[in-house]
Amino acid sequence: MKYNLKLSNNTTIVTVLFLSVLACFYLAKQLNSPSVVVLPNLLEKHIQCQTRSVSNSQSFNVHVPVKKLADTLAPKLCSDPVLAKQYGLVNIYWSGNLAEQIDFIAKGLADLTLSKDNVMKALMAESTYSYRSVIGYPEYTAFFISNREKPKLEKAYFLDKKIGLLDYPTSRSGHILPKQTFKSLDIDIDALNIQYVTSHEILREKLSSGELDIIATYWNEEDEAYFSKNYITPTGSNISGSKWYLKMVNDNTELACSLQGLLHQVIKDTGSSYFDSIKQYWQCSVFPYEFLGENV
């Protein structure tokens, strides 16, 4: 009887060990499976709409920095006739977090994305996933803007000010350059009264209402109706604008041209003179359509 009990205990231990090893093997397999794509931080920052091709299960995935842009793009992309011939769904994810943007581009998860040249080059996105420029924003100058005085690039000047920056770490005018300025002035960021917002428009609204003393942004000619051009101080010039990139694994020239027109219209609808010199990188007037390159 003692022998049987001992045997039973040994069998139980071996069984438990075997099941534990099997469970670990299965879990490792699931975690390492290339088909599993986990984007937990972006699941709630997501808009989905359907094209007219209701039976098509293919998804066109887009990544943008802010929700306002996602809201504007979703209906236009889903009603685009060329895109509807190829895709049944459009998924638009938004996030200003650079790590999440890099995740989308480095893994080729985004079919269409708004990004910077330096990010795309660092990730070798053009050679790895055949990303091609579709449309690009013009170069610009970044400024500190106040509505009461010309901002001074002095340490003491910023310490008692309410400062507005963009909650978008890849924005040069609204985030990178002002922080570089603070660093060059030997200012501890934590010592400043900084309010982070989600768009350049909100920065302007808060400056105009007196909620902020200084904002970091670019200058529009339209801004002169609300602020004085004498009260702006540059933080950087000849800054390259962002570009829209399309993943061109296939030679999908019709979609590239359709998106170029769609994005151009979206940009023009903002009404800002800054967008008057938008660059288009595709020849779409006569067939065959072709990529003109980025030095147009």
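Further up the page is the structure itself.
A short tour of the structure in this document, coming up. Owing to the predicted nature of the structure, the values given are computational and were not obtained by experimental measurement.

1. Digging into the nonpolar core
In step 1: Core analysis: the largest hydrophobic core is formed by 36 residues, its most contacted members being F60, V64, L73, L77, V90, I92 and W244.
In step 2: Broken down by element, the residue count for this core peaks at eight residues, all from helix α10 (residues 253–268).

2. Overview of the sheet that holds strand β4 (residues 112–115)
In step 1: Strand order in this open sheet of seven strands is β1-β3-β2-β4-β11-β5-β12, and the pairing throughout is mixed. The open sheet is flanked by β1 (46–50) and β12 (279–280), the only strands paired with a single partner.
In step 2: Where strand β2 (residues 59–64) lies against β4, two bridges are found, and the strand directions are parallel. Of the residues in β4, the one forming a bridge with H63 is T113.

3. Topic: the pattern of salt bridges
When the charged atoms of two side chains lie near each other, side chains of opposite charge can form a pair.
In step 1: Under the definition given, this model contains nine salt bridges.
In step 2: Residue R204 is joined to D223 by a salt bridge in which the shortest nitrogen-to-oxygen separation is 2.9 Å. Remark: D223 occurs in the loop between β9 (214–218) and β10 (232–239) and R204 occurs in helix α9 (residues 200–208); sequence separation between them is 19 residues.
In step 3: On the basis of relative accessibility, which here comes to 12%, the residue R204 falls in the buried class.
In step 4: By relative accessible area, D223 is classed as buried at 5%.
In step 5: The shortest N-O distance in the salt bridge between K206 and E211 comes to 2.9 Å.
In step 6: Judged by its relative accessible area of 37%, E211 is partly exposed.
In step 7: Through salt bridges with shared partners, a single ionic network connects D117, K121 and K243.

4. Some points on the environment of K152
In step 1: You can see K152 is positioned in the loop between β6 (140–146) and α7 (155–158).
In step 2: By relative accessible area, K152 is classed as partly exposed at 43%.
In step 3: For the pair K152 and Y231, spaced 79 residues apart in the sequence, the C-alpha separation amounts to 9.8 Å.
In step 4: Contacts of K152, omitting those with residues within four sequence positions, involve Y157 and F158.

5. Some thoughts on the pairing of β9
In step 1: Along β9, five of the five residues are buried, which leaves the element largely enclosed by surrounding structure.
In step 2: Of the two faces of β9, the one carrying I214, A216 and Y218 and the one carrying I215 and T217 are both buried.
In step 3: Here strand β7 (residues 162–166) runs beside β9; their pairing, made up of two bridges, is parallel. The partner of I163 across the bridge, within β9, is I214.

6. What about the state of the cysteines?
In step 1: All chains considered together, the criterion is met by two disulfides.
In step 2: One disulfide in the model links C49 with C78; its S-S distance is 1.9 Å. On the S-S bond that ties C49 to C78, the torsion sits near 90°, and the link is right-handed. Of this pair, C49 sits in strand β1 while C78 is found in helix α2 (residues 67–78), placing the two residues 29 residues apart along the sequence. For the residue pair C49 and C78, the accessibility class agrees, reading buried in each case.

What counts as what
- Residues numbered from 1 in each chain as written.
- Predicted model: local features only at pLDDT ≥ 70, side-chain atom pairs only at ≥ 80, totals over all residues.
- Heavy atoms only, no water.
- Core = buried A, V, L, I, M, F, W, Y, C linked by side-chain atoms within 4.5 Å.
- Buried < 20%, exposed > 50% of the residue type's maximum accessible area, 1.4 Å probe, protein only.
- Helix = DSSP H or I, 4+ residues; strand = E, 2+ residues; numbered from the N terminus.
- Pairing = 2+ DSSP bridges.
- Salt bridge = Lys/Arg side-chain N within 4 Å of Asp/Glu carboxyl O.
- Contact = heavy atoms within 4.5 Å.
- Disulfide = S-S within 2.5 Å.

These figures come from the coordinates and say nothing about function on their own.
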